[in-house]
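So you can see what is in the structure, the chains are spelled out below.
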Amino acid sequence: MIDTKYHQVIRDLSEKIVAAQRPIRILDALKWNSTVEEAFFKSGCKELPNVRGPEFYEQNPLKFDPDKKIDEFNQIERDIRRELGQFNSVGAIMQRMCREYCTVVEMLNARGTPHFTRYAQQLYGSADDAFYAGAPTLTDLAILISNTLSFIEKQTGSELDQKIYTGDEAVSILGQRLSKYFEDEKEKTRVKLSDDIIADAAAGAEFIKLRKNAIGKQSTDIAESIQSRLNNEQGAGDQGLMFGYASNETAVLMPAPIFYAHLLMKRQAMVRKNGTLPWLRPDAKSQITFLYDENHKPIYADTIVLSTQHAPDVSHAVLTEAVIDEIIKPTIPAHFITKKTRFLVNPGGRFVIGGPMGDCGLTGRKIIVDTYGGMSRHGGGAFSGKDPSKVDRSAAYMARYIAKNLVAAGIADRLELQIAYAIGIAKPLSIGVETFGTGKISNTIICDIIRNFFDLRPAQIIKTLGLLRPIYAQTAAYGHFGREEPDFTWEQTNMADALREAAKL
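Cut-offs and rules
Residues numbered from 1 in each chain as written. Predicted model: local features only at pLDDT ≥ 70, side-chain atom pairs only at ≥ 80, totals over all residues. Heavy atoms only, no water. Helix = DSSP H or I, 4+ residues; strand = E, 2+ residues; numbered from the N terminus. Buried < 20%, exposed > 50% of the residue type's maximum accessible area, 1.4 Å probe, protein only. Contact = heavy atoms within 4.5 Å. Areas by Shrake-Rupley, 256 points an atom, 1.4 Å probe, with all protein chains shown as cover. 1 Å grid on protein atoms, 1.4 Å probe; cavity = no way out; pocket = protein on both sides within 12 Å on 5 of 7 lines; lining within 4 Å. Points joined across faces, edges and corners; volume = space filled by probe spheres on them. Core = buried A, V, L, I, M, F, W, Y, C linked by side-chain atoms within 4.5 Å. Expected span 1.5 Å × (residues − 1).

Caption draft 1: Geometry of the overall build of the protein chain. Counting secondary structure elements, the protein chain contains 18 helices and eight strands. Within the protein chain, the fraction of its 505 residues that count as buried is 38%. Once local pairs closer than 6 in sequence are excluded, the contacts in the protein chain between residues at least 24 apart make up 65%. A total of about 29300 Å² of accessible surface is found on the protein chain, and carbon and sulfur atoms cover 53% of it.

Caption draft 2: A look at the layout of surface pockets. Size it by volume and the second largest pocket reaches roughly 490 Å³. Along its surface, the second largest pocket is lined by 13 residues, and Ser89, Ile93, Arg267, Thr276 and Glu326 are the ones closest to its centre. For the lining of the second largest pocket, the secondary-structure elements that each account for two or more residues are α6 (89-109) and α12 (256-273). The dominant element in the lining of the second largest pocket, judged by the number of residues it contributes, is α6, at seven residues.

Caption draft 3: Representation of the nonpolar core in the model. Membership of the largest hydrophobic core comes to 77 residues, with the highest contact counts inside it found for Ile288, Leu415, Leu417, Ile450, Phe454, Leu456 and Trp490. No other element matches the eleven residues that helix α15 (residues 391-408) contributes to this core. Setting aside residues up to four positions removed in sequence, Trp490 forms contacts with Tyr397, Arg400, Tyr401, Leu465, Leu467, Ile471, His480 and Phe481. Ala20, Ile70, Val105 and Met107 belong to the second-largest nonpolar core, a separate cluster that totals 22 residues.

Caption draft 4: A look at α12. Between its first and last C-alpha, α12 extends 26 Å over 18 residues, near the 26 Å set by a 1.5 Å rise per residue. With 13 of 18 residues buried, α12 is to be regarded as a mostly interior element. Looking one or two residues past α12, Gly275 carries a phi angle of roughly 90°, positive in sign.

Here it is, written out as C-alpha cells:
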C-alpha cells in the first residue's frame, strides 16, 4: 500500500527547496554587463575584459540576502531530518541539495575574490579533473572541441577521407598514439613493419606488426562509384541489408530489454562517478530477459544480469547487494521486478581486471548492443568508424527514423523495416516491412507510404538527418537508438502526423 502521508511530506519539503532556490540565478549574477560584452566582441573576442575584483560585481548586486538565504536552507535541512529521520535515503539527497545550495550562495557572495574559485571547484570540479574515470581532463576536452570546430568545414565539405599512409607513416602515427598509454623505454618499439605475408595483430603481446605493402588508400574503383557528393545520385558505399525497428512497448519506442539494459549502464556510470559506489570500475555490461504476453507487451523481468568491474578488496556479497540496491532497483520499474525475477550480479565471479587489459579483440563493434538487443534482425554491418556514405550507418539510421515515425503514427505497434542496397547504386534495390500482425493497414500500403515520404538515396539520407556533423562520439556507449539526444536526428518523430494522415487513421 502506498504511504500517501510519507509522499506528501516529501513533496512539501521538496517545494520548500524549490521556493528557496528560485531567487538564486547563477548566470544572471555572473554575466557581464552590456558595456563589457560590447568591448569583448569589438576586440574580436581576443582580449578578455578586466572584470576582476569585487568592485565590478557591486554594480550587479545579488537579488537576495546571502546570510538569510543560508539560514533558510539550514532550517529546511533541519526540517528534513525532523520529518524523515537522519538516515532516510530520500532525505539524505535533499539534505545534500540544501548544503550544495548553501555553497552556491557562498560562491556568489565571493564574486571577484579568490574564494569564488575555491567554491566553484568544490561544486563543479577543476579543469584538471578527469570528467570521467580514465578519460581526459576538461582542459583536454576543450582542446578536442576546439580542434573539431577548427576543421568542421573540412570535415563536412571534403569529397572522401582517403587516409593515405605509407607503412612508415602508419608506424610513426601508431607509435605516437600508443606512447600516451604505455610508459616504455625509448629503445623499445611497439609498432613495426613486417615484410612477411602475414601481419600479426599482436606479436607476442608486445608488438603490433604492419605489412609494408598493406597500407594504402581506398580502392579507386569504389571511390569513383560513391564519390559524387554534389548530387543526389551518390552511390551506396557498399552492398547489404539494413534494418530499422520500433515498438510501442517503451516511451522511446524501443524494445524493453535493450532500453533498460542501457539505462542500467548509465546508472552504473553515475553511481561510480558521484561516489555512491566509489569502488566500482568502468568496465561493465548488462543483459535483461523479459517475459512477454500474447500481445508482445513485457510482463516482468525474468532475469537481470549485470557484470561490473570492481576494486580488488570488495567481496562478492557486498557487490551483489550494492548493485541490486543502488543500480538495478532504482532503474527498473518496480512492476517489472517480481518474486520470480533472478538477479545475476557478476555471475562469473571476481571482475577486477577489465577493459582491454582483461579481454579485447578486433572483430568490430557489438552490433546487437548498438541496435535493438536482438529483438530485430540485423544486416551484419557495424556503424562505428564509418562515414555516412556507408549505408551500413546512414541507411540503418534512416530505417530507425522511418520505423519510429510509423509506430509513433499508430500505423503499427511493432514494425521492422528492411532496406537493400548495391554498391554504387543510389536507389535501394528493395524495401520490406514486417509488422508482426500489428499493422493497421497492409504492408504493401506501408511500403508505398515510405516511398512517397522518404528519399532513401544516400546523399538525401545524409541531408535529411544532417549526418555530416561531428556527432558520433556520443554513440560510443549506450547504443545508437532510443536516446532522444539533440544530435540524434533519427530519433525525431516529426513525420508521424503526416504519415498518420496518409494512412487515413
